[in-house]
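Listed here are the chains, written in short residue letters.
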Amino acid sequence: MTEKLSAEEIAAALATLDGWERLPDREAIRKSFRFSTFNEAFAFMTRVALKAEKMDHHPEWFNVYNRVDVTLATHDVGGLSGKDVTLAAFMDKAAG
């Protein structure tokens, strides 16, 4: 069972993630990734899609050319869970 993170757990998690921020209007985190080319952005999305599918935890995202805007939340718990933190850390590494 996936559990919702407490405010303290969210704050601690954000301290370990690079550039992620809480959304002001809902319990979710977001980040905008920029790449040199569309191909790099698409390759990033492909790596993340494979990981997300294995986790059964899918991001909300938007892509235009070299930018990928990502929002993470766990809809089942109505907020943030460890799955969001794990996927955010994976995205940071994949964007390398």
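Residues numbered from 1 in each chain as written. Predicted model: local features only at pLDDT ≥ 70, side-chain atom pairs only at ≥ 80, totals over all residues. Heavy atoms only, no water.

Undergrad: Now, about the pattern of salt bridges: what can you tell me, with residues and values included?
TA: Counting across every chain of the model gives five salt bridges. Close ionic contact of E60 with R26 constitutes a salt bridge, the shortest N to O distance being 2.8 Å. Here R26 lies in the loop between β1 (21-22) and β2 (29-34) and E60 lies in strand β3 (residues 60-64), a separation of 34 residues in the sequence. Accessibility expressed as a relative area gives 28% for E60, which makes it partly exposed. Taking the relative accessible area as the measure of exposure, R26 reaches 33% and is therefore partly exposed. In this structure, D69 and R67 form a salt bridge, with 2.9 Å as the shortest nitrogen-oxygen distance. (Salt bridge = Lys/Arg side-chain N within 4 Å of Asp/Glu carboxyl O. Helix = DSSP H or I, 4+ residues; strand = E, 2+ residues; numbered from the N terminus. Buried < 20%, exposed > 50% of the residue type's maximum accessible area, 1.4 Å probe, protein only.)

Undergrad: I'd love a proper account of the sheet that holds strand β4 (residues 67-72), names of residues and values included.
TA: Ordered by their spatial adjacency, four strands build an open sheet running β1-β2-β4-β3, and the pairing between neighbours is antiparallel. One side of each edge strand has no neighbouring strand; the edge strands of this open sheet are β1 and β3. Sheet strands touched by helix α2 (residues 38-55): β2, β3 and β4. Its angle to β3, the strand with the most contacts, is close to 160°. Helix α3 (residues 82-95) rests against β2 and β4 of the sheet, and its axis sits at about 10° to β2. (Pairing = 2+ DSSP bridges. Contact = heavy atoms within 4.5 Å. Axes fitted to C-alpha atoms, helices over the stretch in contact; angles between N-to-C directions.)

Undergrad: Can you tell me about empty space enclosed by the protein, naming the residues and giving the values?
TA: Tallied over the entire structure, the rule returns one cavity of 30 Å³ or more. Reported here for the largest cavity is a volume of approximately 40 Å³. Every residue lining the largest cavity is listed: L5, I10, A13, L14, L17, I29, L80, D84 and V85. Looking at the lining of the largest cavity, the elements with two or more residues in it are α1 (7-16) and α3. The element that contributes the greatest number of residues to the lining of the largest cavity is α1, accounting for three residues. Its residues assigned to classes, the lining of the largest cavity comprises eight nonpolar, no polar and one charged. (1 Å grid on protein atoms, 1.4 Å probe; cavity = no way out; pocket = protein on both sides within 12 Å on 5 of 7 lines; lining within 4 Å. Points joined across faces, edges and corners; volume = space filled by probe spheres on them. Nonpolar A, V, L, I, M, F, W, Y, C, P; charged D, E, K, R; others polar.)

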